[in-house]
Amino acid sequence: AQSVTQLGSHVSVSEGALVLLRCNYSSSVPPYLFWYVQYPNQGLQLLLKYTSAATLVKGINGFEAEFKKSETSFHLTKPSAHMSDAAEYFCAVSLYNNNDMRFGAGTRLTVKP
Amino acid sequence: ETGVTQTPRHLVMGMTNKKSLKCEQHLGHNAMYWYKQSAKKPLELMFVYNFKEQTENNSVPSRFSPECPNSSHLFLHLHTLQPEDSALYLCASRGGGGDTQYFGPGTRLTVL
């Protein structure tokens, strides 16, 4: 079965600094990969997704992620952090049948002024 | 206006109470999901419905009883819950042939 591992349960950056949130996946077949963001007391909102098209995926709010098959990674980046980026971020993997989507444990991003 | 709505947003109940959570999606999707999100644990898939039929039950205790009367509505009936059932319960939906699940805002449940 597919799975994801998010490295680092908590990441702290200064405003304007690079954001890098790490995600590694395990899948026996080409996966679909997703990043979701969750703000306090809200549900999960899709940031971006990879579904076997371009390996560099651009999402909302200036985020992007690159699918690297050789490294089984799908890390999320943003060149310059903003205070409003403070939230919990979840990486997820699924196969074509999206009923079985597996989520990572989440990474809490803190942005310091 | 989010495509997936959940009510109530907050619920406090005793262990002997019976309550229900409601989820409604306005996206024309035909698959709906219940997830449980507890502190410091990964999101747990509970139930999946496709075209109103339950297609997955992830070994959820019988004190949680789902109901899907049509493709737009999903309920989670709760009875004799335990304090460890306190969590954020999230509903999601997905369109046929689609690859993305869309989430509601969740119901924060506290069991006393």
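The shown structure was predicted, so the numbers you read here are calculated from the model rather than taken from an experiment.

Draft legend 1. Quick look at the layout of surface pockets. Size it by volume and the largest pocket reaches roughly 580 Å³. What lines the largest pocket is a set of 26 residues, and nearest its centre among them are Glu88 and Arg108 of chain A together with Gln37, Ala39 and Lys40 of chain B. Elements that contribute at least two residues to the lining of the largest pocket include exactly strand S9 (87-94) of chain A together with strand S9 (87-94) of chain B. Per-element accounting of the lining of the largest pocket gives the leading share, three residues, to S9 of chain A. Its residues assigned to classes, the lining of the largest pocket comprises ten nonpolar, eleven polar and five charged. The space that makes up the second largest pocket amounts to roughly 190 Å³. Here the lining of the second largest pocket takes three residues from strand S5 (residues 44-50) of chain B, the largest share from any one element.

Draft legend 2. Molecular detail of the sheet that holds strand S3 (residues 18-25) of chain B. All names here are of chain B. One open sheet holds the four strands; their spatial order is S1-S3-S8-S7, and the pairing between them is antiparallel. The open sheet has two edge strands with one neighbour each: strand S1 (4-7) and strand S7 (64-70). With strand direction ignored, the average angle separating the axes of adjacent strands in the sheet is 20°. Bridging between S1 and S3 involves four bridges; their strand directions are antiparallel. Bridging from a neighbouring strand, Val4 pairs with Gln25 of S3.

Draft legend 3. Main features of unusual backbone geometry. Cis geometry marks the peptide bond from Thr7 of chain B to Pro8 of chain B, where omega comes out at -10°. Take Pro8 of chain B: it is sitting in the loop between S1 and strand S2 (10-13). Positive phi values are uncommon outside glycine, yet Thr72 of chain A reaches one of about 45°. Here Thr72 of chain A lies in the loop between strand S7 (64-68) and strand S8 (73-78).

Draft legend 4. Fine view of the interface of chain A and chain B. Counting residues at the interface gives 19 residues for chain A and 21 residues for chain B. Counting the surface lost from both chain A and chain B, the interface buries some 1600 Å², and carbon and sulfur atoms represent 47% of this. Seen at the junction of chain A and chain B, the total is zero salt bridges. Viewed at the interface, chain B and chain A are joined by five residue pairs in polar contact (both at pLDDT 80 or more). Put simply, the parts of the chain that give the side of chain A that touches chain B at least two residues each are strand S4 (32-38) and strand S5 (44-50) of chain A. Ranked by residues supplied to the side of chain A that touches chain B, first place goes to S4 of chain A with four residues. When its residues are assigned to classes, the side of chain A that touches chain B shows nine nonpolar, nine polar and one charged.

Draft legend 5. Expanded view of the environment of Met32 of chain B. Residues and elements named next belong to chain B. With respect to the element layout, Met32 can be found in strand S4 (residues 31-37). Measuring from C-alpha to C-alpha, the distance between Met32 and Phe51 comes to 8.6 Å, with 19 residues separating the pair along the chain. If sequence neighbours within four positions are ignored, Met32 has contacts with Cys23, Gln25, Phe47, Val48, Tyr49, Ser71, Ser72, His73, Leu74, Cys91, Ala92 and Ser93.

What counts, and at which threshold
- Residues numbered from 1 in each chain as written.
- Chains lettered and ligands numbered in written order.
- Predicted model: local features only at pLDDT ≥ 70, side-chain atom pairs only at ≥ 80, totals over all residues.
- Heavy atoms only, no water.
- 1 Å grid on protein atoms, 1.4 Å probe; cavity = no way out; pocket = protein on both sides within 12 Å on 5 of 7 lines; lining within 4 Å.
- Points joined across faces, edges and corners; volume = space filled by probe spheres on them.
- Helix = DSSP H or I, 4+ residues; strand = E, 2+ residues; numbered from the N terminus.
- Nonpolar A, V, L, I, M, F, W, Y, C, P; charged D, E, K, R; others polar.
- Pairing = 2+ DSSP bridges.
- Axes fitted to C-alpha atoms, helices over the stretch in contact; angles between N-to-C directions.
- Contact = heavy atoms within 4.5 Å.
- Buried area = accessible area lost by both parts, 1.4 Å probe.
- Salt bridge = Lys/Arg side-chain N within 4 Å of Asp/Glu carboxyl O.
- Polar contact = N/O pair within 3.5 Å; in protein donor to acceptor, adjacent residues only side chain to side chain.

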